[in-house]
Amino acid sequence: MTVTTTLGRPAETPVPPAPYRGVVLRLARWSSQHRWLAVALWFAFVAAVFVGGGAVGTRVLTSAESGVGESGRADRAVERAGYPAQPTERILIRSRSGPLDLAAAQPAVDQLRSRLGALPEVAGVGDLVTSADGTAAMLPVVLDVGSATGSAAIDSADKQVNAVLAVTATVARGQPALRIDEVGDASLDKSIGDLVSGDFGKAERLSLPITLLILLLTFGALIAAGVPLVLALSAVAAAIGLSALVSHLLPVTDALNSVILLIGMAVGVDYSLFYVRRAREERARGASRKDAIELAARTSGRAVIVSGLAVFVSMSGLLLSGDGTFISMAVGTMLVVAVAVLGSLTVLPAMLSLLGDRIERPRVPFVHRLRRSDGAGRFWPAAMRVVLHKPVVSLALAATALLALAAPALGMRTGEAGADSIPRSLPIMQSYDALTAAFPQTGFAHTVVVWNKDGSRLDRARLDAGVIELARTARADGFPLVPATGLTPDVSPDGSTATVDLPVTGDFNTSPAQQSLQRVRGDLAPALARAIPGSEVGVTGNTAYVVDFGAVMRSHLPLVMAFVLGLTFLMLVIAFRSVVIAATAVVLNLLSVGAAYGLLVLVFQHGLGQDLLDFRGNGAIIDWLPLFLFVVLFGLSMDYHVFVVSRIREARESGLPTRAAVAAGVTSSAGVVTSAAAVMVGVFSIFGTLSMLEFKQLGVGLAAAVLIDATVVRAVLLPSAMTLLGRHNWWLPRWLDRLLPAAH
């Protein structure tokens, strides 16, 4: 092969004269020679783990297991005590015009009491309660979940609440003068769960055709476009099955499958795209089918391993998060990355060998004719000429722009998505607002949990005296919803644990709510513990969870960042045998993550574009998002960086000077990077259209970061920085060179 040195055109890399002895090449050769067996083994593996995982089921984290800090300790104490679950639904009765006439509403109340009381799903119907202003009445209904506790009770309530909802709706239709609505934890969970499921269903339905469309535009042929999609989907299926098996050793979050789909589609398509694109390029240059696959293995295959390790390392940082939900996400994402890499290195060469030139069929009319085998087009060579003509100016402008975009992140405020952020287009949220307005005590509460450290029964006399003093102090300290008659502790069946609810007005995710929690934790709860010698006390509830989770995230984020940055740096030093390349990669990826943080703050904290994205913000970034975004974005950014730098190194090793090697590497990888980024941006953008605030923030953050990374970082910052560094790009201290394994 010849080497083209014209600036802006990709250099063809000569096949190395000595055979490559690496694992990647041996895998590719074996798979190509035993293609039918390799394909059969792969899909047998995927089917086995997917079916096996489905057969054993998934063990999901309970609320107590996913808790952290003081609220987590209190939740675990409640779970150990074995409280019988009594999920309560509240039926709100109002007049459609004017004040509520209780006499006129009595027939509806009687129907509800009679019909609901006859349901096997109902344990009991309470007394009718009238609001202080007389505008509404509330009928409590306790669901019968048997002996179930914890998350099992929630699941049971979710199944049984349908019967209560059906009766409520039937009675409501027969009372045109009244508004009869049902609100409770079970019905809220069901409605929000249905909304989330519908959103994810929409994301799944749209992501596949969008991905296929982009791949069709990339390859111009249906089979070539389908291969990466099939590999990505099979990796996702295998990882879902494996995570179900692992969950019996390490419980997982119920959202894990969605996270696996999100990450699996991104990396699975990327790795297959890198490999397939390179094999087709070499085939178009005249290489035989066997040589094209082997050269793709030597180059793109090696890049896939380094990229996969980078993502694997980033995701493993979640293991240090201190949170059970994130730890389970780490396991799931690490599994899907590992499976995607394995598939790219084994079954993908087999499929390429099996398909041969049939991979170019059926061709998409017009699109196939526009496709260039080098993937460069006209734009990227022109862009490289501009960037590399003035590398100092290009670097300064791009870095300044990203730093300016990242600046708002310094004022980031984190918090949980409270009730105020749930769309009011959801009918039950309108009922929730009406219920909490008429009966403020049905909103949220700080729950004080007291238990004996040795598991013995609490002294009931001391407990009652302590709760009386707790209620008196709470009313005097600004808790107006505490009844003047006092509070009644809820004692566990074994007598070792008791809970006391302090109802609070407003939304749980506000500064006043957090200030009231500080008063409870600072004064009220410790006083109750002192009243019962030998006891331990903790405060839980929605606000307590938000505060504790936020504290854990803030304290663990520096540790996670240090781990990911340090290990990624070391891995890149080994992969590229250059300290400078590794340091440049870390700095550039930090810039793109920072810019994504800043954009999130501008949009979701300051409300820029709120109407366009159609969301009801709470002035905060969801508390789990900064850490999760960091590890995901840092890992995905490395995909592009490793691939582009690998092509630059190929061009340099072929004899090109630095400037020409940078231009050749960027332009020759531009097509695949652009296509991979387009797939990610398309899929992530779908999440930005979903209803729930956390998913909007996740989608916008991921899509914006990938877009910035694939354009400003890879097309401006990276080439200008490497051009300015010149031969220093490949600097490695001699002592370190002796320590590292020999390069292939």
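Every value quoted in this text rests on a predicted model; they were computed, and no experiment measured them. (Residues numbered from 1 in each chain as written. Predicted model: local features only at pLDDT ≥ 70, side-chain atom pairs only at ≥ 80, totals over all residues. Heavy atoms only, no water.)

A.B. asks: Could you give an account of the packing of helix α7 (residues 222-246) against helix α11 (residues 347-355), with specific residues and numbers?
C.D. replies: Remark: α7 packs on α11, axes separated minimally by 11 Å, with the N-to-C direction vectors making an angle of 155°. As summarised for this structure, α7 and α11 are arranged roughly antiparallel, according to the angle between their axes. When you trace α7 past α11, the crossing you get is right-handed. In this structure, α7 uses Ile223, Val227 and Leu231 to contact α11, whose residues at the interface are Val347, Leu348, Met351 and Leu355. Here the residues of the contact of α7 with α11 sort into seven nonpolar, no polar and no charged. (Axes fitted to C-alpha atoms, helices over the stretch in contact; angles between N-to-C directions. Helix = DSSP H or I, 4+ residues; strand = E, 2+ residues; numbered from the N terminus. Parallel < 35°, antiparallel > 145°, perpendicular 65-115°, else oblique. Left-handed = near helix turned anticlockwise from the far one by under 90°. Contact = heavy atoms within 4.5 Å. Nonpolar A, V, L, I, M, F, W, Y, C, P; charged D, E, K, R; others polar.)

A.B. asks: Talk me through the pairing of strand β7 (residues 444-452); I want residue IDs and the actual numbers.
C.D. replies: Burial analysis of β7 places eight of its nine residues in the buried class, the great majority of the element. For β7 and strand β9 (residues 497-504), the ladder comprises eight bridges, and the chain directions are antiparallel. Residue valine 448 lies in a different strand from β9, and its bridge partner there is valine 500. Bridge count for β7 against strand β10 (residues 535-540) is six bridges, and the pairing is antiparallel. Residue valine 448 lies in a different strand from β10, and its bridge partner there is valine 539. (Buried < 20%, exposed > 50% of the residue type's maximum accessible area, 1.4 Å probe, protein only. Pairing = 2+ DSSP bridges.)

A.B. asks: Provide a residue-level description of the sheet that holds β7, including the pertinent values.
C.D. replies: If you trace the four strands from one edge of the open sheet to the other, you get β8-β9-β7-β10, paired in antiparallel fashion. At either end of the open sheet lies a strand with only one pairing partner, and these are β8 (490-491) and β10. In this sheet, β9 lies alongside β8 in antiparallel orientation, the contact comprising two bridges. Its bridge partner lying in β9, valine 491 is registered against alanine 498.

A.B. asks: Help me get a handle on unusual backbone geometry, residues and values and all.
C.D. replies: For residues besides glycine, phi is generally negative; the peptide bonds are generally trans as well. Here the amide bond leading from arginine 361 into proline 362 is cis, since omega sits at -20°, within 30 degrees of zero. One can find proline 362 in the loop between α11 and α12 (367-370).

A.B. asks: Go over the environment of alanine 498 with me, naming the residues and quoting the values.
C.D. replies: With respect to the secondary-structure elements, alanine 498 resides in strand β9. In this structure alanine 498 comes out as buried when scored by relative accessible area, which is 0%. Apart from residues lying up to four places away in sequence, alanine 498 is in contact with Tyr83, Val448, Val449, Val450, Leu458, Leu463, Pro489, Asp490 and Val491.

A.B. asks: Would you mind going over the packing of aromatic side chains in detail, with residue names and values included?
C.D. replies: Per the counting criterion, the structure on display carries eight aromatic pairs. Taking the centre distance of 6.4 Å and the plane angle of 70° together, the rings of phenylalanine 444 and phenylalanine 508 count as edge-to-face. Residue phenylalanine 444 is located in strand β7, and its partner phenylalanine 508 is located in the loop between β9 and α17 (511-531); the two are separated by 64 residues in the primary sequence. Each member of the pair phenylalanine 444 and phenylalanine 508 is classed as buried. Put simply, the rings of Phe326, Tyr545, Phe549, Trp624 and Phe628 touch in pairs and so form one group of aromatic residues. (Phe/Tyr/Trp six-rings, centres within 6.5 Å; stacked < 30°, edge-to-face > 60°.)

A.B. asks: Can you tell me about the side chain of serine 578, naming the residues and giving the values?
C.D. replies: Tracing the sequence through the fold places serine 578 in the loop between α18 (542-576) and α19 (579-605). A relative accessible area of 0% means that serine 578 is categorised as buried. Here the side chain of serine 578 touches isoleucine 581 through a polar contact of 3.0 Å, landing on its backbone nitrogen. The contacts of serine 578, once residues within four sequence positions are left out, are Leu572, Val573, Asn729, Trp730, Trp731 and Leu732. (Polar contact = N/O pair within 3.5 Å; in protein donor to acceptor, adjacent residues only side chain to side chain.)

A.B. asks: If you had to explain the nonpolar core to someone new, which residues and values would you point to?
C.D. replies: By size, the foremost hydrophobic cluster in this structure holds 177 residues, and its most contacted members are Tyr271, Tyr275, Phe326, Leu572, Phe628 and Phe684. For this core, the leading source of residues is helix α21 (residues 625-653), giving 17 residues. Membership of the second largest hydrophobic core comes to 27 residues, among which are Val448, Leu458, Phe508 and Val546. (Core = buried A, V, L, I, M, F, W, Y, C linked by side-chain atoms within 4.5 Å.)

A.B. asks: Which residues make up the pattern of salt bridges, and what are the values?
C.D. replies: Taken as a whole and judged by the stated rule, the model has 19 salt bridges. For the salt bridge of glutamate 360 with arginine 280, the shortest nitrogen-to-oxygen distance reads 2.6 Å. Here glutamate 360, found in the loop between α11 and α12, pairs with arginine 280, found in helix α8 (residues 256-284); they are 80 residues apart in sequence, far enough to count as distant. For glutamate 360, a relative accessible area of 17% puts it in the buried group. For arginine 280, a relative accessible area of 7% corresponds to the buried category. Between arginine 519 and aspartate 477 there is a salt bridge, and its shortest N-O distance comes to 3.6 Å. Pair noted here: arginine 519 is in helix α17 and aspartate 477 is in the loop between α16 (460-476) and β8, with a separation of 42 residues, a long-range link. On the basis of relative accessible area, arginine 519 is assigned to the partly exposed category, the value being 26%. Judged by its relative accessible area of 28%, aspartate 477 falls in the partly exposed class. (Salt bridge = Lys/Arg side-chain N within 4 Å of Asp/Glu carboxyl O.)

A.B. asks: Quick one: what's the story with α8, residue by residue and with numbers?
C.D. replies: With 29 residues, α8 should reach 42 Å at 1.5 Å per residue; the first-to-last C-alpha distance of 41 Å fits that figure. Maximal helix bending in α8 amounts to about 25°, located at glycine 264. Taken from the residues just after α8, glycine 286 is the one with a positive phi, measuring 110°. (Expected span 1.5 Å × (residues − 1). Bend = angle between axes of the 7 residues up to and from the residue.)

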